[in-house]
Amino acid sequence: MRPTDTSNPDYFHKVVDCQWGCPAHTDVPEYIRMIAQARFSDAYMLNRVSNVFPAILGRVCDRPCEPVCRRGRIEDKPVAICRLKRVAADNRGDITDRLPRAGPKNGKRIACIGAGCASLTVANDLLPLGYEIVMFEKLDCTGGLMRSNIPAFRLPVAVLDEEINYIVDMGVDLRLNSPIDGMEKLLKENFDAIFVGTGAPRGKELNLPGRHDSEHIYIGIDWLESVAFEHTDKIGKKVLIIGVGNTAMDCCRTSLRLGADEVRVMARKPRGFFKASAWELDDAEEENVEIVVNHSPTEFVIENGKLVGMNFDLMEYDIDDKGRIQDTKTVGEQFLPCDDVILAIGQENAFPWIERDIGLEFDQWDVPIVDKTTYQSTLEGVFFGGDAAFGPENIIWAVEHGHQASISIHKHCHDESLTDRLPFAMNLSSAKMGIHEWSYSNDYDVKERRLMPHVSLKERFEKLNIEVELGFSAEQAATEVERCLNCDIQTVFTDNLCIECDACIDVCPVDCLTITENGPEEELRTRLTAPATNLDQDLFVSGKLPQTGRVMVKDEDLCVHCSLCAERCPTAAWDMQKFTLEIPYVEDEAADGLPAKEVA
């Protein structure tokens, strides 16, 4: 194998699994260390740089960082990263003087359609550069699907308003109750660019017999919106939820709070194929929601004009060793009674307001064609982000879309190439404080993941807006932060200092180091101190060592960043260095185009 190119930021970035897994690349280990030091405001602001909504995402993020957490490869459960984000938000001080402010006007006007997370991120990034942001929202409030589709018992309105207002109060020209009924008309209003962040506002239908014969069959996202804006305040005693994604979990738990006694979530496939997050399923089942698998709906049963239940086919699946369905068969039928049915089988984009003859092309699914790097549509100057760009995802993806679209909008407004973008960069700084002292806690903590305290089952149903999760206290967080393995504190190796004494190999508690002859990767992985079987994690391979010409090999999958190799090394060939990923935002792109004197 060739010596590993550690000058490429992607190498060390990939080692920090949580940051690599986060669409916005939040510096998770660093903000966790700040929490450990009770620097809650600093942790909040570090979060805000990349994810914009720390208090919101600390409650409702889909947590792509947690399944890949290194702690989860050592024990059953990862670090509670999302909930620690909330700790920083809940315990921060007054940070208003640290928030970005609008810059002097630069004469450029940007239209943002929709006041959801993607559009708000665009406003957050462009207002400090002097752009005028005109934000059109069809509803009478901001937040988009964050407000209308996430129940208040998960995301309190006060939390939502506070973080949204941090952006709006910078000077957004917010126009509520202002739906856009035509893109062609908007194009004539002399905006320098248009950003579409309208979400995926249409729930998928289930056109089975009886679907349109009752008023007690609802589309999930529409029903949640009706509840959020207090147009709906009750439901029947027996409710069936069709679908098993996160929207279905919100629907079933909301039904309980509106008076339902028996709520069933109906899934066509086994549990391993559910789209809902594991913790969402746990929360629903804790509230005594029944999740029924292998039931495929066939008919809404209407008697004398009244919905009385649904018929289902009972399914059986042949699943192979890789978890893939090989065969499907129907083994029976079942009728389940109900008073109401809520359809939560997915969402899709809907753009009836965009004319089809203005140069903005749509694909075979009637969705705008959007470039995945620049977020520009086929109509120059019109950009998309969030669910409106590539279909339903989650808030953190929408935020990242907003960051990238902001860069493209800035470049478009200054006649620059949209694809000529600054690359990721990195900083490495030694974490050594003394002979055996480090600027981070390097002891392995054996504590299990802390359980989130919840409001009691009895109390949480008294009102629709009682937040179920209480959050960690600062004291509870202090134990959870110690579970972080500090994966951003990298083991940096200097091959010409190595004397091949094997001290690092002897002291390594997880056998991730080997000095051996080089060879092809597939063969080399089999003869390490511990065979490296996880092909998703890279091997570090040094240059030739000066004594024998062999190489130092490190399996990044096993390393727990304990620093013992660096403590034991007599020549300082190993060092622990803090890796900081330098992420280019639109302000960096703007500064890159200025003369050095202006930047200074």
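Above: the structure in question.
As a starting point, this report considers the structure included with it. Within each chain, residue numbers correspond to sequence positions counted from 1 in written order. In keeping with the model being predicted, local features are shown solely for residues with a pLDDT of at least 70 and side-chain atom pairs are shown and tallied solely at 80 or more, while totals for entire chains, interfaces and linings include all residues. Excluded from the side-chain calculations are hydrogens and water; all other atoms, namely the structure's heavy atoms, are used.

## Here's the deal with the overall build of the chain
Runs of E in the DSSP output that reach at least two residues are strands. Runs of H or I that reach at least four are helices, and both are numbered from the N terminus. What the chain contains, in helices and strands, is 23 helices and 21 strands. Over its C-alpha atoms the chain spans a radius of gyration of 27 Å, differing by no more than 12% from the 25 Å that the globule rule assigns to 600 residues. A simple rule labels every residue: compare its accessible area, found with a 1.4 Å probe on the protein chains alone, to the largest value its type can have, and call it buried under 20%, exposed over 50%, or partly exposed in between. Buried positions account for 54% of the 600 residues belonging to the chain. We call two residues contacting when some pair of their heavy atoms lies within 4.5 Å. Taking the contacts inside the chain whose residues are at least 6 apart along the sequence as the reference set, 71% of them involve residues at least 24 apart. In this description, accessible areas are obtained by the Shrake-Rupley approach with a 1.4 Å probe, and a residue is regarded as covered only by the protein chains that are shown. Of the roughly 26800 Å² of accessible surface on the chain, a fraction of 48% belongs to carbon and sulfur atoms. For a compact globule the rule gives 2.2 Å times the number of residues to the power 0.38, and the radius of gyration it is set against comes from C-alpha atoms.

## A look at the nonpolar core
Within soluble globular proteins, side chains that are nonpolar tend to cluster in buried spots. In terms of nonpolar packing, the biggest core is built from 75 residues, with Ile-133, Met-183, Val-196 and Phe-384 touching the most fellow members. Take this core: its biggest share by element is eight residues, from helix α16 (residues 395-413). Residue ranges for the domains originate in an automatic or database domain assignment. A domain split of this core shows at least three residues from each of domain 1 (9-97 + 445-483) and domain 2 (99-201 + 349-413). Not counting chain neighbours up to four residues away, the residues in contact with Phe-384 comprise Phe-195, Val-196, Phe-351, Ile-354, Leu-360, Pro-368, Val-370, Tyr-375, Ser-377 and Ala-389. Core analysis: the second largest hydrophobic core is formed by 52 residues, Val-15, Val-481, Leu-545 and Ala-566 among them. Residues belong to one nonpolar core when they are buried, are Ala, Val, Leu, Ile, Met, Phe, Trp, Tyr or Cys, and are joined through side-chain atoms within 4.5 Å.

## Quick notes on the layout of surface pockets
A cavity here means a set of points on a 1 Å grid, drawn over the protein atoms and nothing else, where a 1.4 Å probe fits but cannot get out; a pocket is an open set with protein on both sides within 12 Å along at least five of seven lines, and a residue lines either one if it has an atom within 4 Å of a point. Grid points are joined across faces, edges and corners, and a volume is the space filled by probe spheres set on the points. Looking at the second largest pocket, its volume works out to about 550 Å³. Lining the second largest pocket are 26 residues, and of these Arg-48, Val-49, Ser-50, Tyr-585 and Glu-587 sit closest to its centre. If you list the elements that add at least two residues to the lining of the second largest pocket, you get α4 (40-51), α8 (117-126), β21 (574-582) and α22 (586-592). In terms of residue count, the dominant contributor to the lining of the second largest pocket is α4 (five residues). Throughout, the ten residues Ala, Val, Leu, Ile, Met, Phe, Trp, Tyr, Cys and Pro are labelled nonpolar, Asp, Glu, Lys and Arg are labelled charged, and all others, Gly among them, are labelled polar. Residues that form the lining of the second largest pocket fall into these classes: 10 nonpolar, seven polar and nine charged.

## Some remarks on a positive patch on the surface
Candidate patch residues must exceed 30% relative accessible area and have no salt bridge, after which like charges are joined if within 9 Å and Val, Leu, Ile, Met, Phe, Trp or Tyr side chains if within 5 Å. The working definition used for a salt bridge is a side-chain nitrogen of Lys or Arg within 4 Å of a carboxyl oxygen of Asp or Glu. Asp and Glu are treated as the negative residues and Lys and Arg as the positive ones, with His and the ends of the chain left uncounted. Note on charges: their place is set at NZ of Lys, CZ of Arg, CG of Asp or CD of Glu. Together, Lys-204, Arg-268, Lys-269 and Lys-275 make up a region of like positive charge exposed at the surface. One can find Lys-275 in the loop between β8 (262-266) and α14 (278-286). The exposure class of Lys-275 is exposed, given its relative accessible area of 73%.

## Focus: the sheet that holds strand β7 (residues 238-242)
For sheets, the rule is that strands pair by backbone hydrogen bonds, running either parallel or antiparallel. DSSP bridges decide pairing: two strands pair if at least two such bridges lie between them. Sheet architecture is open: five strands sit in the order β6-β13-β7-β8-β9, paired in parallel fashion. Each end of this open sheet is capped by a strand with a single partner; those strands are β6 (217-219) and β9 (290-292). With strand direction ignored, the average angle separating the axes of adjacent strands in the sheet is 20°. To get an axis, fit a line to the C-alpha atoms, keeping to the stretch in contact for a helix; angles then go from 0 to 180 degrees between the N-to-C directions. Along the sheet, helix α12 (residues 220-228) contacts β6 and β13 (340-343); its crossing angle with β6, the most-contacted strand, is approximately 90°.

## A few points about helix α10 (residues 157-168)
Given 3.6 residues to a turn, an α-helix orients residues that are three or four positions apart in the same direction. Multiplying 1.5 Å by the helix residue count minus one yields the expected span of that helix. The end-to-end C-alpha separation of α10 is 16 Å, in line with the 16 Å expected for 12 residues at 1.5 Å each. Of all the positions in α10, only Val-159, Leu-160, Glu-163, Ile-164, Tyr-166, Ile-167 and Val-168 are classed as buried. At its buried positions, α10 is contacted by α4, α5 (54-60), α8, α9 (145-148) and β3 (173-175).

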